[in-house]
Amino acid sequence: MTDAIVMGGGVAGLAAATALSSLGLEVKLFEAKPFLGGRATSYPAPGLAGETPEIDNCQHILLKCCVNLRDLYRRLGVAGEVEFHREFYFIEPGGRMSKLARGVLPAPLHFTESFLSATYLSLPEKALLGRALAALYWQRKRRRDLDSISMLSWLEGQGQTPRLIQRFWRQVLVSAINVELDEMAAAHGFQVLWLGFLASADSYEMGVPRVPLGQLYAAASVRVKVQAKAAVEAFDAQRGVCVRGQWHAARAYVSALPAERLARLLPGLPVDFAAFTPSPITGIHLWFDRAVTDLPHGTLLDRTIHWFYNKEQGRYLTLVVSAADVLLDKSRQEVIDLALAELREFLPEVGRAKLLKAHVVKETRATFRARPGLEAKRPGAVTPVGNLFLAGDWTRSGWPATMEGAVRSGYLAAEAVSGFLGRPAHFLLPDIA
Ligand SMILES: Cc1cc2nc3c(=O)[nH]c(=O)nc-3n(C[C@H](O)[C@H](O)[C@H](O)COP(=O)(O)OP(=O)(O)OC[C@H]3O[C@@H](n4cnc5c(N)ncnc54)[C@H](O)[C@@H]3O)c2cc1C
């Protein structure tokens, strides 16, 4: 009999399946879509001159502190396909740019030179920011209420001004956690700042895949028996999973399905599914007739677009808007017009370039809203159904909804399954600090 069946071939399911197969267990994975990677995937899209390039669902990046995701990439043999960048570019409307990069001082002071030379913050704002970062450093282990207050209320309590919140805190944290600061549990904001920016001098480095996302995960098929276009229609602890009307049994099962799918499959599970409400991300792909920038990426201050990434020597940019509720009601053309109008303020060459093609992806269910109080409702890997275990970025991974959170949840589920099957193993790597 198959040792384990994994439902869902997103990052969480792939992490669970890869970890279990490394123990020599026979693992089958059922994925509803034709490709692996779930939300972090890529697919062929009509391109220029009749080509169909593989484009990412939306640009996905990681930070060097994502140790479990990097471990999964090593296991899949694709770690070399991620390029890490040491410089972040904060660009003001009008094009003035400040670089954030580590300097000569050790952590947690490694950004001192960058902040001192940054033009997008005034001197009093820099002093206020330094004070809040010091408070965060000291309060992170001491305060007990960080999961029950919002990040915004904590920032206001630290005397951060609206412009400083907008230009630094919002720019960094909303991109990472995908909810506005007034909805974000302070615990998540603290974690991102601590692990990504303060704990170590290189943990902030940003990893950008060199290949389409789908190619990172395709390697999993070598180790695991993957069945694509195979949606799980029903689950029964005795009979197993039902796919296209046929039952498949195993000794253990991992659901790595999104919360709303699991709620439909097993509505009786004691999980407060309604607590997991979705937050959108919009990705915008723009192809120009010429190079419009030579920067590898940049974050745009005071506007709707948060980030751009340079995909093909400045001729193809992908833009990301996190917590993109304001774009939900806009038409595709309105989104493109807004993106072009904003980009022209930061990258003047966009005004002279001709747009050859555009593609807009509105992911309405990109991540769950990491609100105060939600952490206690995220279920762990073990369920009351003895042979069923849970994974997925929405489960209790210790991280917000990210690829790192998804891998952590997959590894935790694999640990629980390995114990259940009498082959206890440890996969989860501890955070860097
Ligand atoms: C637009 C966007 C941008 C993002 N940017 C980033 C980023 O830059 N960095 C980052 O770390 N994270 C980012 N994220 C979040 C990240 O993509 C997710 O947290 C992570 O990929 C979730 O993985 P998962 O495996 O838990 O879920 P999913 O990726 O949702 O995987 C679930 C899988 O289950 C499959 N499935 C559903 N129903 C069935 C069924 N009945 N039977 C079988 N299979 C089924 C689905 O097709 C899917 O493949 C982004 C997300 C989005 C949407």
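Rules behind the numbers
Residues numbered from 1 in each chain as written. Predicted model: local features only at pLDDT ≥ 70, side-chain atom pairs only at ≥ 80, totals over all residues. Heavy atoms only, no water. Phe/Tyr/Trp six-rings, centres within 6.5 Å; stacked < 30°, edge-to-face > 60°. Lys NZ or Arg CZ within 6 Å of the ring centre and 35° of its normal. Domains from an automatic or database assignment. Contact = heavy atoms within 4.5 Å. Buried area = accessible area lost by both parts, 1.4 Å probe. Salt bridge = Lys/Arg side-chain N within 4 Å of Asp/Glu carboxyl O. Polar contact = N/O pair within 3.5 Å; in protein donor to acceptor, adjacent residues only side chain to side chain. Nonpolar A, V, L, I, M, F, W, Y, C, P; charged D, E, K, R; others polar. Core = buried A, V, L, I, M, F, W, Y, C linked by side-chain atoms within 4.5 Å. Buried < 20%, exposed > 50% of the residue type's maximum accessible area, 1.4 Å probe, protein only. Helix = DSSP H or I, 4+ residues; strand = E, 2+ residues; numbered from the N terminus. Expected span 1.5 Å × (residues − 1). Bend = angle between axes of the 7 residues up to and from the residue. Near = heavy atom within 4 Å. Areas by Shrake-Rupley, 256 points an atom, 1.4 Å probe, with all protein chains shown as cover. Pairing = 2+ DSSP bridges. Axes fitted to C-alpha atoms, helices over the stretch in contact; angles between N-to-C directions.

**Considerations on the packing of aromatic side chains**
- Summed over the entire model, instances satisfying the criterion amount to 23 aromatic pairs.
- Ring pairs connect the aromatic residues F88, F111, F115, W154, F168, W169, F190, F197, Y204, W307 and Y309, which therefore count as one cluster.
- Sitting over the face of the ring of F84, K64 holds its NZ or CZ atom 5.3 Å from the ring centroid.
- One residue, R140, lies across the ring of W194, its end atom 3.5 Å from the ring centre.

**Some remarks on the domain arrangement of the protein**
- Looking at the protein, the domain boundaries give domain 1 (2-40 + 213-275 + 371-420), domain 2 (103-201) and domain 3 (278-368).
- Summarising the inter-unit geometry, the C-alpha centres of domain 1 and domain 2 are found 34 Å apart.
- Listed as interface residues are eleven residues of domain 1 and, on the opposing side, twelve residues of domain 2.
- The contact between domain 1 and domain 2 buries some 790 Å² in all, and 52% of this surface belongs to carbon and sulfur atoms.
- Contact with domain 2 buries surface across domain 1, with R371, P372 and P400 losing the most and accounting together for 60% of the total.
- Our count for the domain 1 to domain 2 interface comes out at one salt bridge.
- R371 serves as the salt-bridge partner of E183, at 2.7 Å between the closest nitrogen and oxygen.
- Remark: the boundary between domain 1 and domain 2 carries four residue pairs in polar contact (both at pLDDT 80 or more).
- Along the lines of polarity and charge, the residues of the side of domain 1 that touches domain 2 split into five nonpolar, three polar and three charged.

**Some thoughts on the nonpolar core**
- Residues M151, W154, W169 and Y217 are the most contacted members of the largest nonpolar core, which totals 128 residues.
- With residues up to four places along the chain from it excluded, the contact list for Y217 reads V11, L14, L36, G37, A40, L69, L72, Y73, L76 and M403.

**Focus on helix α6 (residues 162-177)**
- Compared with an ideal rise of 1.5 Å per residue, which puts 16 residues at 22 Å, α6 spans 19 Å between its outermost C-alpha atoms and falls more than 12% short.
- The axis of α6 is deflected most strongly, by about 50 degrees, at R170.
- The set of residues buried in α6 consists of L164, I165, R167, F168, W169, R170, Q171, V172, L173, V174 and I177.
- A positive phi of about 65 degrees marks N178, the residue just after α6.

**A few points about the site of the ligand**
- Of all residues adjacent to the ligand, which total 33 residues, the nearest are E31, R39, H60, V232 and D393.
- At 2.8 Å, a backbone N or O of M403 approaches an oxygen atom of the ligand.
- Burial of the ligand by the protein amounts to 92% of the accessible area it has alone, namely 1000 Å².
- Of all the secondary structure elements, the ones that give two or more residues to the shell around the ligand are α1 (11-21), β19 (355-368) and α13 (403-420).
- Within the shell around the ligand, the residues separate by chemical class into 18 nonpolar, nine polar and six charged.

**Some remarks on the sheet that holds strand β11 (residues 232-236)**
- The sheet built from three strands is open, its strands ordered β11-β12-β13 with antiparallel pairing. Looking at strand neighbours, the two that pair on one side only are β11 and β13 (246-248), the edges of this open sheet. With strand direction ignored, the average angle separating the axes of adjacent strands in the sheet is 25 degrees.
- Bridge count for strand β12 (residues 240-243) against β13 is three bridges, and the pairing is antiparallel. For V243, the partnering residue across the bridge sits in β13 and is Q246.

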